[in-house]
Amino acid sequence: MKTVSIPFAISDNDRIEELFSERILNIFLELKAKRVSLFFGNAWKDMSRNTPIIQRAIKHFAQYDIEVAIWLNSFIHNAYDSKYTAKKYADGSERMTCPLDVDFIQDFALDVAEYAKTGAPLIYLDDDFRLGVSGGLNCFCDLHMAEYRKILGQDITREKIAAEILSGKPNVYRDAWSQVNGKALKKAAQIIRSEVDKIFE
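The present account deals with the structure reproduced in this document. (Residues numbered from 1 in each chain as written. Predicted model: local features only at pLDDT ≥ 70, side-chain atom pairs only at ≥ 80, totals over all residues. Heavy atoms only, no water.)

### Some points on the pairing of strand β1 (residues 5–9)
Here is step 1 of the chain: The alternating pattern of β1 places Ile6 and Phe8 on a buried face and Ser5, Pro7 and Ala9 on a face that is not buried.
Here is step 2 of the chain: Two strands pair when backbone bridges link them, and β1 and strand β2 (residues 35–39) are joined in this way by five bridges, in the parallel orientation. Note on β2: the bridge partner recorded for alanine 9 is phenylalanine 39. (Buried < 20%, exposed > 50% of the residue type's maximum accessible area, 1.4 Å probe, protein only. Helix = DSSP H or I, 4+ residues; strand = E, 2+ residues; numbered from the N terminus. Pairing = 2+ DSSP bridges.)

Right, dumping it as structure tokens:
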């Protein structure tokens, strides 16, 4: 059985009251929506603003058998400060944060857990929960390079592995890149899951 889920962006304050308007409610009911997914855009770190909105929405839409989900950004943003390891791209530029940095993931997981405290039954992580080609080929930070070298058994450079990854043919460099990035995302997911589970122990 399908569930109609409607995304609703609240990146600025003038949309808050719109969410609770009769017009929006009528649209949801007409579409037989069973879920509204709240997306806060670049304001997602402002929990003092967002938490009351979520709690109000849960209470409001429960009257109409509509559940409230939370749709969060994940890794393609600059919401965290420079104390964490930045993602390094094939061209040597640095931006955003690398999920192989356990301290960053731990803090990110605590943020997700704070949202879980609202009582929303579902939290989505945006499809930017990924590594690889988002904004360019990555990641080649010191943490990643150490893992690549460990797997390959050679003191490879960023330039060399980046070129081999894009060479067009299967090779050990691309395998190492895929393996390290896959493990980084799996570990991140495990840490996030662990922190959220603590809320419900």
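### Describing the nonpolar core
Here is step 1 of the chain: Core analysis: the biggest nonpolar cluster contains 43 residues, and Leu19, Phe28, Val36, Leu38, Phe40 and Phe61 have the highest contact counts within it.
Here is step 2 of the chain: Per element, the largest residue contribution to this core is seven residues, and it comes from helix α4 (residues 102–116).
Here is step 3 of the chain: Setting aside residues up to four positions removed in sequence, valine 36 forms contacts with Ile6, Phe8, Leu19, Phe28, Phe61, Ile66, Glu67, Val68 and Ala69.
Here is step 4 of the chain: Core analysis: the next-biggest nonpolar cluster, separate from the first, contains 13 residues, Ile161, Ile165, Tyr173 and Trp177 among them. (Core = buried A, V, L, I, M, F, W, Y, C linked by side-chain atoms within 4.5 Å. Contact = heavy atoms within 4.5 Å.)

### What to know about the packing of aromatic side chains
Here is step 1 of the chain: Counted according to the given criterion, the structure contains eight aromatic pairs.
Here is step 2 of the chain: Taken together, a centroid distance of 5.7 Å and an interplanar angle of 40° make the contact between phenylalanine 28 and phenylalanine 61 tilted. With phenylalanine 28 in helix α2 (residues 22–30) and phenylalanine 61 in helix α3 (residues 47–62), the pair connects residues that are 33 residues apart, well separated along the chain.
Here is step 3 of the chain: Given the relative accessible area of 0%, phenylalanine 61 is considered buried.
Here is step 4 of the chain: Among the aromatic residues, those joined into a cluster by ring pairs are Trp44, Tyr84, Phe104 and Phe108.
Here is step 5 of the chain: For lysine 45, the ring lying beneath its charged end belongs to tryptophan 44, and the centroid distance is 5.9 Å.
Here is step 6 of the chain: The lysine or arginine in question, arginine 56, covers the ring of phenylalanine 20, its NZ or CZ lying 3.8 Å from the ring centre. (Phe/Tyr/Trp six-rings, centres within 6.5 Å; stacked < 30°, edge-to-face > 60°. Lys NZ or Arg CZ within 6 Å of the ring centre and 35° of its normal.)

### Description of the environment of phenylalanine 61
Here is step 1 of the chain: Separated by 33 residues in sequence, phenylalanine 61 and phenylalanine 28 place their C-alpha atoms 9.9 Å apart.
Here is step 2 of the chain: What phenylalanine 61 contacts, discounting residues up to four positions off in sequence, is Leu19, Leu25, Phe28, Val36, Ile66 and Val68.

### Examining helix α6 (residues 158–165)
Residue pairs three or four apart in sequence face the same way in an α-helix, which turns once every 3.6 residues.
Here is step 1 of the chain: For α6, the full list of buried residues reads Arg158, Ile161, Ala162, Glu164 and Ile165. The buried residues of α6 occupy an angular sector of 165° when the element is viewed end-on, so they sit on one face.
Here is step 2 of the chain: Where α6 is buried, its residues touch β4 (86–88), α5 (142–152) and α7 (172–199). (Arc of directions from axis to C-beta.)

### A look at the pattern of salt bridges
When the charged atoms of two side chains with opposite charge come close together, those side chains can pair.
Here is step 1 of the chain: Inspection of every chain in the model, using the stated rule, returns 14 salt bridges.
Here is step 2 of the chain: For glutamate 159, the salt bridge identified is with arginine 158, shortest N-O distance 3.1 Å.
Here is step 3 of the chain: With a relative accessible area of 46%, glutamate 159 lands in the partly exposed category.
Here is step 4 of the chain: Residue classification places arginine 158 among the buried positions, given a relative accessible area of 18%.
Here is step 5 of the chain: A single salt-bridge network, built from bridges that share partners, covers Arg15, Glu18 and Arg23. (Salt bridge = Lys/Arg side-chain N within 4 Å of Asp/Glu carboxyl O.)

### Topic: the packing of α3 against α4
Here is step 1 of the chain: The contact between α3 and α4 brings their axes to 10 Å, and the two run at 30°. The orientation of α3 relative to α4 falls into the category roughly parallel. For the pair α3 and α4, contact is made by Met47, Asn50 and Ile54 and by Asp111, Glu114 and Tyr115, respectively.
Here is step 2 of the chain: Taken together, the residues of the contact of α3 with α4 break down into three nonpolar, one polar and two charged. (Axes fitted to C-alpha atoms, helices over the stretch in contact; angles between N-to-C directions. Parallel < 35°, antiparallel > 145°, perpendicular 65-115°, else oblique. Nonpolar A, V, L, I, M, F, W, Y, C, P; charged D, E, K, R; others polar.)

### Describing unusual backbone geometry
Negative phi values dominate among residues other than glycine, just as trans dominates among peptide bonds.
Here is step 1 of the chain: With an omega dihedral of 10°, the bond running from asparagine 138 to cysteine 139 counts as a cis peptide bond.
Here is step 2 of the chain: Topologically, cysteine 139 is positioned in the loop between β6 (122–125) and α5.
Here is step 3 of the chain: Phi angles above zero are rare outside glycine, and aspartate 65 is one such case at about 60°.
Here is step 4 of the chain: Inspection of the secondary structure assignment puts aspartate 65 in the loop between α3 and β3 (67–72).
Here is step 5 of the chain: At methionine 96, a residue that is not glycine, the phi angle is positive and equals roughly 60°.

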